[in-house]
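# Geometric and topological summary
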Amino acid sequence: MYRFLLSRQWVILTLIMLALIPTMIELGFWQLHRHEHKVALNRVIAESLAAKPVPAESLTAPGRAVAHDDLYRRVTAKGSFDTADEVVVRRRTNSDEAVGFHVLTPFVLTDGRVLLVNRGWIPADGAQTEVPKIPAPPKGEITVTGRLMADETSADSGIKDVRGLPDRMVMLINSEQRAKDLGKEVLGGYIALTAPEPRGGSPEQIAEPDHSGIGPHMAYAVQWWLFAAGVPVGFVVLARRERRDRQEAAEQEQTPETEPAPV
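Before going into details, it helps to say that this report is about the structure given with it. In this text, all values refer to a predicted model and were calculated from it rather than measured experimentally.

Here we come to unusual backbone geometry. Most peptide bonds take the trans form, and the phi angle of most residues other than glycine is negative. Residue Pro196 is reached from Ala195 by a cis peptide bond, and omega for that bond is 5°. You can see Pro196 is positioned in the loop between strand E8 (190-195) and helix H4 (217-254). Positive phi is not limited to glycine here, since Arg91 has a value of about 55°. Here Arg91 is to be found in strand E3 (residues 87-93). The backbone phi angle of Arg168 is positive, close to 70°, even though this residue is not glycine. Locating Arg168 in the fold gives a position in the loop between helix H2 (154-157) and strand E7 (169-170).

All chains considered together, the criterion is met by nine salt bridges. The closest approach of N and O atoms between Glu152 and Arg92, which form a salt bridge, is 2.8 Å. On the criterion of sequence distance, the pair formed by Glu152 in the loop between strand E6 (142-149) and H2 and Arg92 in strand E3 is long-range, its members being 60 residues apart. Judged by relative accessible area, Arg92 falls into the buried class, the value being 9%. Via salt bridges that share partners, Glu86, Arg119 and Arg168 belong to a single interconnected network.

All right, on to helix H3 (residues 175-182) then. Regarding H3, the residues found buried are Ser175, Arg178 and Leu182. Take H3 and look down its axis: the buried residues cluster within an arc of 65°, on one side only. Seen from the buried face of H3, the exposed residues on the opposite side, beyond 90 degrees, are Glu176, Lys180 and Asp181. Here the buried face of H3 lies against E3, strand E4 (99-109) and strand E5 (114-123). One or two positions beyond H3, positive phi appears at Gly183, with a value near 70°.

Parameters at a glance
- Residues numbered from 1 in each chain as written.
- Predicted model: local features only at pLDDT ≥ 70, side-chain atom pairs only at ≥ 80, totals over all residues.
- Heavy atoms only, no water.
- Helix = DSSP H or I, 4+ residues; strand = E, 2+ residues; numbered from the N terminus.
- Salt bridge = Lys/Arg side-chain N within 4 Å of Asp/Glu carboxyl O.
- Buried < 20%, exposed > 50% of the residue type's maximum accessible area, 1.4 Å probe, protein only.
- Arc of directions from axis to C-beta.
- Contact = heavy atoms within 4.5 Å.

Limitation: the analysis is restricted to geometry and does not speak to function.
Here's what the structure looks like:
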């Protein structure tokens, strides 16, 4: 009755179906994990932004990665900006999606260690390979406040770490790389500056991260699982239709043609 399932065409179709089902199920779980990650990150951001600022040295240290639960935590530091070793981070956008640079300035703490401070966004004066004019930071010893961020890597950010850039220009904000260039102890991660607030031509501060949305990942997960459930249903429907068509064709072949009546 269903011997046609052993034909080459149907064997190939069956193998494709058997491969699609676990693939779609796995894609559904991948989207579910992305949903769970987004929910957890939103919770971390909300809690971090609501918490009172703490000294940066209490959450990070040279060679130490920023803990996930400390991401976006508001921290403070006392020291002074070192514009001699300031760099710009290439191809960064502001809230209006305009392409420019982030200004990364070493902040020398009172104990001599360095905290990297992303002072914000500035537009490009010309090509992205030209270092723009950088607004000066406040002079002298001050206290800064910012959101603690993890070091950027190509694997996590998707940004290719291009080599051979002009002096004072980088692609990634990475404390280990900057420590090698500066020859100093640099605290792990960096901060996105929130205070003191910019004045005049100062860089445009980086917007607070959005932690209100969860994205479409859960809907995508359900969608993939529905697709996985639909594959065997579709296979059964096709097989039954093929069986019916074959039966009808066989019955037509077995029915003798009616001879014309004599005149």
